[in-house]
Amino acid sequence: MCNSHAHMQILNMNGQMKQFTLSVLYLISVMVARPQSHINLSGVWNVRAGNAMGEVKLPGSLSENKIGDVVKDSATNMLSEQYGFVGKAKYEREINVPATWMNKVAALYIERSKVTEVFINGTAVGSQNSVSAPHVYLLKNVLKPGKNKIAITVDNTKSLLPLGGSHAYSEHTQTNWNGILGKFYLRCLNDVDINNVRIDAQTNGSCQLKLFVLHLNSEKKSAKKIAITIRDASKKNVARKSVSIVAGTGLTEHSILLRVQNPKLWDEYDPYLYSVSISIAGEYNEAFKFGFRKFETKAGQFINNGRVVFLRGTHEGGVFPLTGYPPMNKEDWINYYRSLKEYGINHVRFHSWTPPQASFEAADETGVFLQPELPLWGHYKTGDTVLFNYMKSEGERIMNAYGNHPSFVMFALGNELEGDTSLMAKMVTGLKTHDSRHLYALGSNNFYWNPQTHPVEDFFVAMRHGKEAEDYSTDLRGSFSFADSKGGGIINSLTPNTTRNFSKAIRGLNKPAIGHETGQYQVYPDYKEMSGYIGVLRPLNFAVFKNRLQKAGMLSKADDFLKASGALSALCYKEEIEMALRTPGFGGFQLLDIKDYPGQGTALVGILNAFRKSKSVISKQAWNGFCNDVVPLASFEKYCLVNNELFETSVNIANYGKADVKGKQVTCVLKDCNGTVLFQKVYAGSVIKQGSITHIGDLKIPLDKITQPSQLIFSIELAGTIYKNYWNIWVYPAEDTITIREGMIDGVMVTRNKERFESAKEQGTPVLYIPLHSEIMDKSVGGLFITDFWNYTVFKGAAEKMKREPSPGTLGIITDPAHPLFKGFPTDFHTNWQWWNIIKHSRPMILNDMPGSYFPVVQVIDNIDRNHKLGLIYECPGTKAKVLVCAADLFSCADQPEVKALFKTMIEYVRVNN
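On a predicted model such as this, the values are computed, not experimentally measured, just so you know.

A. Molecular detail of the sheet that holds strand β25 (residues 301-304). Taken together, three strands build an open sheet; the order of strands is β24-β25-β26 and the sheet is antiparallel. Of all the strands in the sheet, just β24 (295-298) and β26 (307-309) have a single pairing partner and so form its edges. Looking at each pair of strands side by side, their axes are set apart by 45 degrees on average, direction ignored. With four bridges connecting them, β24 and β25 associate as antiparallel partners. Considered in β25, the bridge of F295 is made with N304.

Dropping the structure here:
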């Protein structure tokens, strides 16, 4: 079912254009009594696109049909179309119209396109320009029995519409395709037909239907009986009513109230759907689905049917690498939503575009909350009536087309909008008046440098609440580009712990806050993914990056770079999501994407690739430990401790699940990496309230039995459930502490002096060199704990333009945990929290002149644009004695136990291996 709103144009008996706006339901109905009422327009059409001519299959795009300019240039900022075309393409075909259509009004239905213009037998019918809802043309006395020629022009020229950088048109996302998508047909209408149906289903079982009835034959004035039946999922009748419609002219509106006793409600756990069928005197029969639910806000949180909802969202920017446009069938969208739900996602935000009907139907069936948006990424300028009027009409078309879907719960005016707030507020007020069934926001992350909410908004989506603050207290997410935040945000800039949250940023907001485009942690490309691009888009950007890596002599490291950067990315996502969950009263987060976003500079920020396939950087089970409806949370001040300290942590459970959790024991365990249990505490089952964070207890765990440097695992598990979360901590023996200093230590020369280092190396003295950063600035890069934000080149330019320090641009470290250097410093092969102080005080050295087969002991992964061979800790080959260089300024963080442990183990390694 599609109760779609479209701009209609109808030719009268004299060939004059009669134009009016209607909401169209019937045009994709399946059940129609009269035979030969539909003509399917799918199939082969002739096309002229610029200088190109040929045959194409519709529905489809020119690119799919290999019509357009062949793209040869390699683009590194997005995927590349094989065939590109921008402009007006003319599609033509002959059809046979039955004699029974004589003197009838017909409807031409185009489910999705760009700007269209229709000609029937050479006569212009009109033009439509929605990029979000179907185009529907009503035709009276234009078609004739027998052969008819239909011509449809489709123009995808961006300047025709005021969309700014909308993802409905962007080459960086779903491509600026030209064509006709989805359902595509002609239908012969009844004299009295259903134009649109709106259903307002309340949780008490009240169903208020508004029927918009179209009267198309002024000569027939007889009344019509309309029968309405509501059925449950088992197809049992649960409500029925018949009404008589008095004959009228044009469009008439009728309100009908039905009641369903004790309805089952729609939510993410049980997306229960009812169906309503409507028939008119046996000539018309239409059925569509709907759900009973109430999605609202209360006390600053989202509520669905009385249950608090925490939105675990992802952004959909329109990345469809095989077709270049969104799926138009329900099955593909069901697979899409199911794959997201497997990773704990219950919400999708569509960045500056609205998906097609099939997407809403699939979300209805799978239980996913949707936030579509107007197709705008730009400015509301005072006095810009063209923009305002277009967006007002487009918003109403979206509401009328998809508003009955229970999954459609939120709506925003676009992405990162600027300009006249009063115009935006007027738009939202108008849309609320038009359709009050959804929650509204002025936009997502509006007024980029100082995001503020507006009284008319029901919820607030932003990267921060207010201007940038020195202490990050206005931030609503944990990471930023260096252009947007000093040091890249909380996770990269502040000492790691599991206590921080966003409470200060939402103080006084009084409406749900959602973190905008959370995460954005780059993962190194998976070049094996390239073989999957068998559709209209080619990964020429991947080919360029792969070639660069090969020229740098590090292609053999590509898979290792992928795994190590991916593991760090997942670690950072864990902290991002837990920060949101630790915030009492927070509304949720919208990841930039759980999958890659291979546009706008190539932002490979997903734990899934562009095809939603796992990169194998984190298991579903581990991801679901922190991205789920119920999440155990530990709250401790530091990751690295000495064994004469206590590991002190609070134990909490965030429960945004189906109901209160009752009678489930909470088990807390501290283990070593061999699985040996060092501590265990079981809390008796208590009530863990739905919609809040429940404090279970506080632990003080002695660590005195830890006699070796150890990486431990602390876990919290809700017994008898799938809910389990864990954290690493590191413990170092107090008696092994060492003072970080220069001079001879156990026969090893420790120096920061370059001349002294060169002399010791020449003389064959074992040496540990920790260079002064002031002396290596021109042959090193900065220290970055997190993986680089979004894309190095894009935000380097932005930072430099703003006269801010750019990001170091790196993607974490890679090393071998079995290397003897790490005997006293347990480590993974990738960056983890015990490296934070070390990396933050480092300047990894550029080792491009080293032999191709040489790799550092601790290598820093560089970005895909620069491809330096970077060393954090490395040996100097070919020297008389063991020579080790550490490019981290350990002296500046010498009081930290993990720093002392690294210093000690490096000296021991140089001494023993000399």
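B. View of the packing of aromatic side chains. One pass over the full model with this rule turns up 48 aromatic pairs. Centre to centre, the rings of Y533 and F611 are 4.8 Å apart; their planes meet at 65 degrees, and the pair counts as edge-to-face. Placement of the pair is Y533 in the loop between β35 (513-518) and β36 (537-538) and F611 in the loop between β37 (588-591) and α9 (620-626), with a sequence separation of 78 residues. Like Y533, the residue F611 is buried in the burial classification. Connected via pairs of aromatic rings, a cluster forms that spans F636, Y639, F647, F714, W727, W730, F785 and W833.

C. Looking closely at the pattern of salt bridges. Evaluated as defined, the whole model comprises 40 salt bridges. As a salt-bridge pair, R198 and D435 come within 3.6 Å of each other at their nearest N and O atoms. Linking R198 in strand β17 (residues 192-201) with D435 in the loop between α4 (421-434) and β33 (439-441), this pair joins segments that are 237 residues apart in sequence. By relative accessible area, R198 is classed as buried at 19%. If you follow the salt bridges from partner to partner, you end up with R500, K574, E575, E578 and R582 in one network.

D. Expanded view of the sheet that holds strand β42 (residues 677-688). Read from one edge of the open sheet, five strands run β39-β45-β44-β41-β42, paired in mixed fashion. Two strands close off the open sheet at either side, each with one partner strand: β39 (640-642) and β42. Neighbour-to-neighbour, the strand axes of this sheet turn through a mean angle of 25 degrees, independent of strand direction. When β39 meets strand β45 (residues 724-732), the two strands line up parallel, connected through three bridges. When the sheet's bridge partners are listed, L641 is paired in β45 with V731. Sitting on the sheet, helix α13 (residues 897-912) touches β39 and β45, and the angle it makes with β39 is about 80 degrees.

Calculation criteria
Residues numbered from 1 in each chain as written. Predicted model: local features only at pLDDT ≥ 70, side-chain atom pairs only at ≥ 80, totals over all residues. Heavy atoms only, no water. Pairing = 2+ DSSP bridges. Helix = DSSP H or I, 4+ residues; strand = E, 2+ residues; numbered from the N terminus. Axes fitted to C-alpha atoms, helices over the stretch in contact; angles between N-to-C directions. Phe/Tyr/Trp six-rings, centres within 6.5 Å; stacked < 30°, edge-to-face > 60°. Buried < 20%, exposed > 50% of the residue type's maximum accessible area, 1.4 Å probe, protein only. Salt bridge = Lys/Arg side-chain N within 4 Å of Asp/Glu carboxyl O. Contact = heavy atoms within 4.5 Å.

The values are spatial; any link to function lies outside them.
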